[in-house]
There are 2 protein chains.
Amino acid sequence: MDRLFRLSQTCPDTGARAGILATPRGPVPTPAFMPVGTHGTVKTLTPHELDSLGASIILSNAYHLYLRPGIDAIEKLGGLHKFMSWQGPILTDSGGFQVFSLGHLRRVTDEGVLFRSHIDGSEHFLTPEAVIEAQEALGADIIMAFDECPPYGEDPGRVREATERSHDWAARCQRRHGRTDQALFGIVHGGTCAELRRHSAGVLASMDFAGYAIGGLSLGEPKELTLLMLEETVPLLPPEKPRYLMGVGSPEDLVDCVARGIDLFDSALPTRLGRNGAVFTRKRRRNILNSSFKNAERPIDEECDCHTCRNFSAAYIHHLFKCQEMLGYRLASIHNLRFITRLLADLRQAILDGSFTYYREAFIEHYQPTDPRMRAEQKRRWLESRRVEYPPQD
Amino acid sequence: MDRLFRLSQTCPDTGARAGILATPRGPVPTPAFMPVGTHGTVKTLTPHELDSLGASIILSNAYHLYLRPGIDAIEKLGGLHKFMSWQGPILTDSGGFQVFSLGHLRRVTDEGVLFRSHIDGSEHFLTPEAVIEAQEALGADIIMAFDECPPYGEDPGRVREATERSHDWAARCQRRHGRTDQALFGIVHGGTCAELRRHSAGVLASMDFAGYAIGGLSLGEPKELTLLMLEETVPLLPPEKPRYLMGVGSPEDLVDCVARGIDLFDSALPTRLGRNGAVFTRKRRRNILNSSFKNAERPIDEECDCHTCRNFSAAYIHHLFKCQEMLGYRLASIHNLRFITRLLADLRQAILDGSFTYYREAFIEHYQPTDPRMRAEQKRRWLESRRVEYPPQD
């Protein structure tokens, strides 16, 4: 694969970057946000809708696809792009995060991970090599190394052990990776320990991956800590390679993390919030079920150019949510994703224009972030709701 | 309003008719099927999708919109077309069927109906005049008289009483109806009693409605009885007026009822089946969750030109249903509705070509109808599932 990343401009004040990921399935202008298509579908939306709302790359999860419908099934159907009918670039996550947060974990050894499926309790053993093979079979344009991902608040000794193991697994992934049309990204770990983050960034930087993800963040830690870890990590990564912060997707966080030199993001937040009736506006996140929308003839956001805002009143979306109509979940998902892709396009343009600092200050001045305690509580509840416990079978 | 219906061709063998409903919002080539948008949304779909799958008219329910968000709310937002962003013709059902099947009925008098909302148990009193006013405020292109709709199997004396009351209410609806840009349809009743059906058709035919619906059928009675009632009713209706059979939507029934001179149909069946994974093909109804679809690279129906079949394999739709992904419900709904609109377009063309009898025979030869006992059982379960009982409040 030719050089994946072309850096166009760096903001001299902040380190924010504009560039292009040149994937085999088309260019991705960065900074970019990847909508999350866990089961091979960005929930409620067609690929055509994703395309028209400005998504240039999407993410899918090797873990979920491995369990259902199975990697072989997708390979026989012509690979993931054909399976889901999305012709643009795809990044597949390796499943590290999912195995450790979603599966019922049985045993982690240097060799790999034994876990139970969160769907039917069946036992599976995954190694770094198997995960690379799976991602090669799926055929995504960017694939991720397999990593051990401890939760926030884990014992520091365990975090260190997991980080070292992730380095070892990253090397094994690199050795196994054969497809030259796929870019393999390494994942920096180190929990919320600055020293360990620097160590991890250094080790991975020396390994020459096509790109670098920063994992193990946005797991319920205070936002200041997230940003601090970025500041410790990013300067140690090779500037000519793309940097991907995993699991970040709120407007305020995207602005702050772009300012710290991140190029790529993914998060299910915009679609998950949308399905729950929380919609982004240039001022703040609003709840569409709020009675103030009952008679609102205006769209959700007057400045928005999305299909939802161009065609429907906020009152109509409010009504759809009151009736629990699926069209409501769709229209809110479209709006939220368009809000995010437009925000990133605006940030990119500002970086290219040299007006990033100004744009960021204006954004911060006008946008009221969600209360940190509410955010933390929502995150905690979400992470907890993902844990499905099966009766022990041994 | 100018003459609503133009009859283009009648099949000399069967009485099947091709025509055009000339509504203020555009022509509806008949025979036509109306997708059902109960809460002002055809479940899971946007108006743009309905348009592109060939729907030329849709139905919505005054009863549901009256309860939520309220008629006033929609009127203030510019009427139903604007509210739901559908610029084509709309027919609103009066709510007779809903009040009697869905609401918790309190009392029926000659004056009107006292019922409890199926949503919150609140009490409401509806008269024929109030229902016409509501439909005028909603602004549909075709509106329905308010009728009393007894269930299948009701005592014959009660059916006679309800039929006479519906005649009286139809006259009151006609007197109250003022908007000249809306066509008002009367509804023939009479349960499954041929003599009463003939009587009802005669009474309503003498009242000069813009069109005639046949109500109180497709409520769980055997199909032979449905067809017999049509044969008793249709010849007594004025041939220059459109005829609308309420609540019919399976492929085999549509073919049989078009052959008996029906011009217009509505049913939630295609979308409801779609959301449950039952998809139409030219041979029969299939269950997408069937394991034979697990690896099916072909679309649901190779002959189908819908968005779903043109873009996705049956295996992908199968996978979406396995994961309970909303996109699956959408794609199956699109396919089923397109199947039905295409079937009716084909029937129309065959009537115009003079090949209707041949087309019908070919259809019957190739299409395996759903087992009548299964159909009856599904209908019974559906009707039962709609009944929500609230604790008595008096």
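The model shown is predicted, which means the values in this text are computed figures rather than measured ones.

### Describing the sheet that holds strand β6 (residues 90-93) of chain A
Residues and elements named next belong to chain A.
Piece 1. Read across the open sheet, the 8 strands follow the order β4-β14-β13-β12-β11-β10-β6-β5; overall the sheet is parallel. This sheet does not close on itself; its edge strands, each paired only once, are β4 (32-34) and β5 (58-61). If you compare each strand with its neighbour and ignore which way they point, the axes differ by 25° on average.
Piece 2. Alignment of β5 against β6, held across 4 bridges, turns out to be parallel. By the bridge assignment for β6, Leu59 is matched with Leu91.

### Considerations on the interface of chain A and chain B
When the parts of a complex come together, some accessible area is lost, and that lost area is often taken as the interface size.
Piece 1. Counting from both sides, the interface comprises 30 residues of chain A and, opposite them, 31 residues of chain B.
Piece 2. Among the secondary structure elements, those contributing two or more residues to the side of chain A that touches chain B are α3 (71-76), α4 (80-84), α13 (314-322) and α14 (326-353) of chain A.

### Things to note about the domain arrangement of chain A
Residue and element names in this part refer to chain A.
Piece 1. What the domain assignment reports for chain A is domain 1 (32-267) and domain 2 (275-373).
Piece 2. The gap between the C-alpha centroids of domain 1 and domain 2 is 27 Å.
Piece 3. If you look at the interface, domain 1 gives 19 residues, while domain 2 gives 23 residues.
Piece 4. At 5 residues, helix α10 (residues 251-258) tops the list of elements feeding residues into the side of domain 1 that touches domain 2.
Piece 5. Grouping the constituent residues of the side of domain 1 that touches domain 2 by class yields 11 nonpolar, 4 polar and 4 charged.

### Details of helix α7 (residues 156-176) of chain A
Residues and elements named next belong to chain A.
Piece 1. Its 21 residues place the ends of α7 30 Å apart at the C-alpha level, agreeing with the 30 Å of an ideal helix rising 1.5 Å per residue.
Piece 2. Those residues of α7 that sit buried are Val159, Arg160, Ala162, Thr163, Ser166, His167, Trp169, Ala170, Arg172 and Cys173.
Piece 3. Where α7 is buried, its residues touch α6 (128-138), β11 (183-188) and α8 (194-205).

### Some words on the relation of the copies chain A and chain B
Piece 1. Superposing chain A onto chain B requires a rotation of 180° together with a translation of 0.0 Å along the rotation axis, leaving an RMSD of 0.0 Å. Such a combination of rotation and displacement between the chain copies is what one expects of a two-fold axis. Closest approach to the rotation axis among the C-alpha atoms of chain A is made by Met326 of chain A, whose C-alpha sits 3.8 Å away.
Piece 2. When you check the interface residues of chain A against chain B, 100% turn up at the interface there too, and the contact is symmetric in its surfaces.

### Points about the packing of α10 of chain A against α14 of chain A
Residues and elements named next belong to chain A.
Piece 1. In the contact formed by α10 and α14, the axes pass within 11 Å of each other and the chain directions differ by 25°. Classified by the interaxial angle, the pair formed by α10 and α14 is roughly parallel. Every pair of crossing elements has a handedness; the one defined by α10 and α14 is right-handed. Taken together, the residues of α14 that come into contact with α10 (itself represented by Pro251, Leu254, Val255 and Val258) are Ile340, Leu343, Leu344 and Leu347.
Piece 2. Across the contact of α10 with α14, the residue classes break down as 8 nonpolar, no polar and no charged.

### With respect to α6 of chain A
Piece 1. Within α6 of chain A, the full set of buried residues consists of Pro128, Val131, Ile132, Ala134, Gln135, Glu136 and Leu138 of chain A.
Piece 2. Immediately beyond the C-terminal end of α6 of chain A, within one or two residues, lies Gly139 of chain A, with a positive phi of roughly 90°.

### Digging into unusual backbone geometry
Piece 1. Between Thr30 of chain B and Pro31 of chain B the backbone carries a cis peptide bond, its omega angle lying at 5°.
Piece 2. Considering the arrangement of structural elements, one finds Pro31 of chain B in the loop between β3 (26-30) and β4 (32-34).
Piece 3. Cis geometry marks the peptide bond from Arg68 of chain B to Pro69 of chain B, where omega comes out at 5°.
Piece 4. Turning to its location among the elements, Pro69 of chain B is positioned in the loop between α2 (62-67) and α3 (71-76).
Piece 5. Despite not being glycine, Thr44 of chain A has its phi angle at roughly 80°, a positive value.
Piece 6. Its place among the elements puts Thr44 of chain A in the loop between β4 and α1 (47-52).
Piece 7. Judged by the 24 C-beta atoms lying within 10 Å of it, Thr44 of chain A falls in the buried class.
Piece 8. With a phi angle near 55°, Gln324 of chain B is a residue other than glycine that sits in the positive phi range.
Piece 9. Structurally, the position occupied by Gln324 of chain B is in the loop between α13 (314-322) and α14 (326-353).

### Structural notes on the environment of Ala130 of chain A
Piece 1. Relative to the helices and strands, Ala130 of chain A resides in helix α6.
Piece 2. Each C-alpha atom, one on Ala130 of chain A and one on Ser218 of chain A, is 27 Å from the other, the two residues being 88 residues apart in sequence.

### Let's talk about the pairing of strand β9 (residues 123-126) of chain A
Residue and element names in this part refer to chain A.
Piece 1. The pairing of strand β8 (residues 113-116) with β9 spans 4 bridges and is antiparallel. Bridging from a neighbouring strand, Phe115 pairs with His124 of β9.
Piece 2. The antiparallel pairing of β8 with β9 creates a hairpin that spans 6 residues between the two strands, and Gly121 there sits at a positive phi of about 80°.

### A short note on the pairing of strand β12 (residues 211-214) of chain B
Sheet faces and side chains relate simply in a regular strand, where the side chains alternate between the two faces.
Residue and element names in this part refer to chain B.
Piece 1. Taking every second residue as pointing to the same face, both faces of β12 are buried, with Gly211 and Ala213 on one and Tyr212 and Ile214 on the other.
Piece 2. The β-α-β motif built from strand β11 (residues 183-188), the intervening helix α8 (residues 194-205) and the parallel element β12 has right-handed crossover chirality.
Piece 3. As paired strands, β12 and strand β13 (residues 243-246) are joined by 3 bridges and run parallel to one another. From the neighbouring strand, Ile214 faces β13, where its bridge partner is Leu245.

### As for the nonpolar core
Piece 1. Among the nonpolar cores identified, the biggest contains 216 residues, and Met34, Phe185, Leu254 and Ile317 of chain A together with Met34, Phe185 and Ile317 of chain B are the most heavily contacted of them.
Piece 2. If sequence neighbours within four positions are ignored, Leu254 of chain A has contacts with Phe33, Val248, Gly249, Phe265, Ile340, Leu343 and Leu344 of chain A.

### Remarks on the environment of Pro27 of chain A
All names here are of chain A.
Piece 1. Here Pro27 lies in strand β3 (residues 26-30).
Piece 2. Through-space distance from the C-alpha of Pro27 to that of Phe5 is 9.6 Å; in sequence the pair is 22 residues apart.
Piece 3. If sequence neighbours within four positions are ignored, Pro27 has contacts with Ile20, Leu21 and Ala22.

### Considering the confidence of the model for chain A
All names here are of chain A.
Piece 1. Here chain A averages 95 in pLDDT, and 97% of its residues register 70 or above.
Piece 2. Ignoring residues within four places in sequence, the model shows residues 389-394, a span with pLDDT below 50, making 5 contacts including any to other chains.
Piece 3. Complex prediction metrics read pTM 0.96 and ipTM 0.96.

Thresholds, definitions, all that
- Residues numbered from 1 in each chain as written.
- Chains lettered and ligands numbered in written order.
- Predicted model: local features only at pLDDT ≥ 70, side-chain atom pairs only at ≥ 80, totals over all residues.
- Pairing = 2+ DSSP bridges.
- Helix = DSSP H or I, 4+ residues; strand = E, 2+ residues; numbered from the N terminus.
- Axes fitted to C-alpha atoms, helices over the stretch in contact; angles between N-to-C directions.
- Contact = placed C-beta atoms within 7 Å.
- Domains from an automatic or database assignment.
- Nonpolar A, V, L, I, M, F, W, Y, C, P; charged D, E, K, R; others polar.
- Expected span 1.5 Å × (residues − 1).
- Buried ≥ 20, exposed ≤ 12 C-beta atoms within 10 Å, placed from the backbone.
- Least-squares fit on C-alpha atoms with pLDDT ≥ 70 in both.
- Parallel < 35°, antiparallel > 145°, perpendicular 65-115°, else oblique.
- Left-handed = near helix turned anticlockwise from the far one by under 90°.
- Right-handed = clockwise from strand over helix to strand, strands pointing away.
- Core = buried A, V, L, I, M, F, W, Y, C linked by C-beta atoms within 7 Å.
- pLDDT = per-residue confidence, 0-100.

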